[in-house]
Amino acid sequence: MAQLFFKYGAMNSGKSIEIIKVAHNYEEQGKSVLLFTSGLDDRDKVGSISSRIGFKRKAIPIFRETDIFQIVRDYKPRPHCVLVDEAQFLTRAHVLQLAKIVDECRIPVMGFGLKNDFRNELFEGSKYLLLYADKIEEMKTICWFCERKATMNLRIDSNGKPVYTGDQIQIGGNESYYPVCRHCYSHPPI
């Protein structure tokens, strides 16, 4: 039975490496997958899923106007699974399209992304995935500063100082964000 999965975690929890691993496992068995990622993420290049440990995969970039359902429905051969990286950047319409892929095409969909931003507000895509997903799984990592589980993302400026206000979306990696626990979010030792 096809289902919509949302696998979320703080920065550095292994989301991108997991999506690459899942794609590999399907393809190793001769099953096709369709990989998507946000068109906003240009750290490597648009349309690329990149893990911090160096693995990369090409993916279809998703922009605001992208109709994911139509792409999947028209794709030949029919994919066995749809995988979406940076799912926090999806719109409500995109999440409803993913649910439609599951319900009408009977294709499993796995979305991977952050749950909350650096202000501890839900991203639009995450909010609707939390509402519509059949299965939700947390991917865990440890706090940058201590041994607790990281549940938040601390944005830092170019001087390494915490930032708690500003635009929700600022693409970046370890130079801009640290995965942190609740305590270290409020009392960062920097």
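For the structure, see preceding data.
Residues numbered from 1 in each chain as written. Predicted model: local features only at pLDDT ≥ 70, side-chain atom pairs only at ≥ 80, totals over all residues. Heavy atoms only, no water.

**So, the overall build of the protein chain**
Consideration 1: The secondary structure content of the protein chain amounts to five helices and 11 strands.
Consideration 2: In terms of C-alpha radius of gyration, the protein chain reaches 17 Å, essentially the compact-globule figure of 16 Å for 190 residues.
Consideration 3: Here the C-alpha coordinates of the protein chain stretch approximately 50 × 30 × 30 Å along the principal axes.
Consideration 4: Here the protein chain, with 190 residues, has 51% of them falling under the buried criterion.
Consideration 5: Carbon together with sulfur atoms contributes 49% to the accessible area of the protein chain, which is approximately 9,800 Å² in total.
Consideration 6: Looking at the protein chain, you have 27 positive and 23 negative side-chain charges, and the mean spots of the two groups are 3 Å apart. (Helix = DSSP H or I, 4+ residues; strand = E, 2+ residues; numbered from the N terminus. Rg over C-alpha atoms; globule rule 2.2 N^0.38 Å. Buried < 20%, exposed > 50% of the residue type's maximum accessible area, 1.4 Å probe, protein only. Areas by Shrake-Rupley, 256 points an atom, 1.4 Å probe, with all protein chains shown as cover. Lys, Arg positive; Asp, Glu negative; His and termini not counted. Charge placed at Lys NZ, Arg CZ, Asp CG, Glu CD.)

**Examining the sheet that holds strand E9 (residues 152-156)**
Consideration 1: Strand order in the open sheet formed by three strands is E10-E9-E11, and the pairing between neighbours is antiparallel. The open sheet has two edge strands with one neighbour each: strand E10 (162-163) and strand E11 (177-180).
Consideration 2: Bridging between E9 and E11 involves four bridges; their strand directions are antiparallel. By the bridge assignment, Asn153 is partnered in E11 with Pro179. (Pairing = 2+ DSSP bridges.)

**As for helix H4 (residues 124-132)**
In an α-helix, one turn spans 3.6 residues; hence positions three or four apart end up facing the same way.
Consideration 1: Buried within H4 are the following residues: Gly125, Ser126, Tyr128 and Leu129.
Consideration 2: Taken together, the buried residues of H4 touch strand E1 (4-8) and helix H3 (92-105). (Contact = heavy atoms within 4.5 Å.)

**Considering the sheet that holds strand E8 (residues 135-138)**
Consideration 1: Spatially, E5-E2-E6-E7-E1-E8 is the arrangement adopted by the six strands of the open sheet, whose pairing is parallel. Each edge of the open sheet carries a strand with a single partner, namely strand E5 (60-62) and E8. Each neighbouring strand pair of the sheet contributes to a mean axis angle of 20°, computed without reference to strand direction.
Consideration 2: Of the strand pairs in this sheet, strand E6 (residues 81-84) and strand E7 (residues 109-113) are connected by three bridges, and their pairing is parallel. Within the sheet, the bridge partner assigned to Val84 lies in E7 and is Gly111.
Consideration 3: Sitting on the sheet, H4 touches E1 and E8, and the angle it makes with E1 is about 130°. (Axes fitted to C-alpha atoms, helices over the stretch in contact; angles between N-to-C directions.)

**What to know about helix H1 (residues 15-28)**
Consideration 1: With 14 residues, H1 extends 20 Å from end C-alpha to end C-alpha; this agrees with the ideal 20 Å at 1.5 Å per step.
Consideration 2: Listing the buried residues of H1 in full gives Lys15, Ser16, Glu18, Ile19, Ile20, Val22 and Ala23.
Consideration 3: Those residues of H1 that are buried lie in contact with E1, strand E2 (33-38), strand E3 (48-50), strand E4 (56-58), E6 and E7.
Consideration 4: One or two residues past the end of H1 sits Gly30, with phi positive at roughly 80°. (Expected span 1.5 Å × (residues − 1).)

**Concerning the pairing of E9**
Consideration 1: Counting buried positions over the five residues of E9 gives five, a clear majority of the element.
Consideration 2: Across the two faces of E9 the burial is the same, with Met152, Leu154 and Ile156 and Asn153 and Arg155 all buried.
Consideration 3: Of the strand pairs in this sheet, E9 and E10 are connected by two bridges, and their pairing is antiparallel. If you follow Ile156 over to E10, its bridge partner there is Pro162.

**What to know about unusual backbone geometry**
Consideration 1: Lys76 connects to Pro77 through a cis peptide bond whose omega is 0°.
Consideration 2: Structurally, Pro77 is set in the loop between helix H2 (68-74) and E6.
Consideration 3: Positive phi is not limited to glycine here, since Glu86 has a value of about 55°.
Consideration 4: Looking at the secondary structure, you find Glu86 in the loop between E6 and H3.
Consideration 5: Notably, Asn120 is not glycine yet its phi reads approximately 65°, a positive angle.
Consideration 6: Mapped onto the fold, Asn120 is located in the loop between E7 and H4.
Consideration 7: Its relative accessible area of 28% is what places Asn120 among the partly exposed residues.

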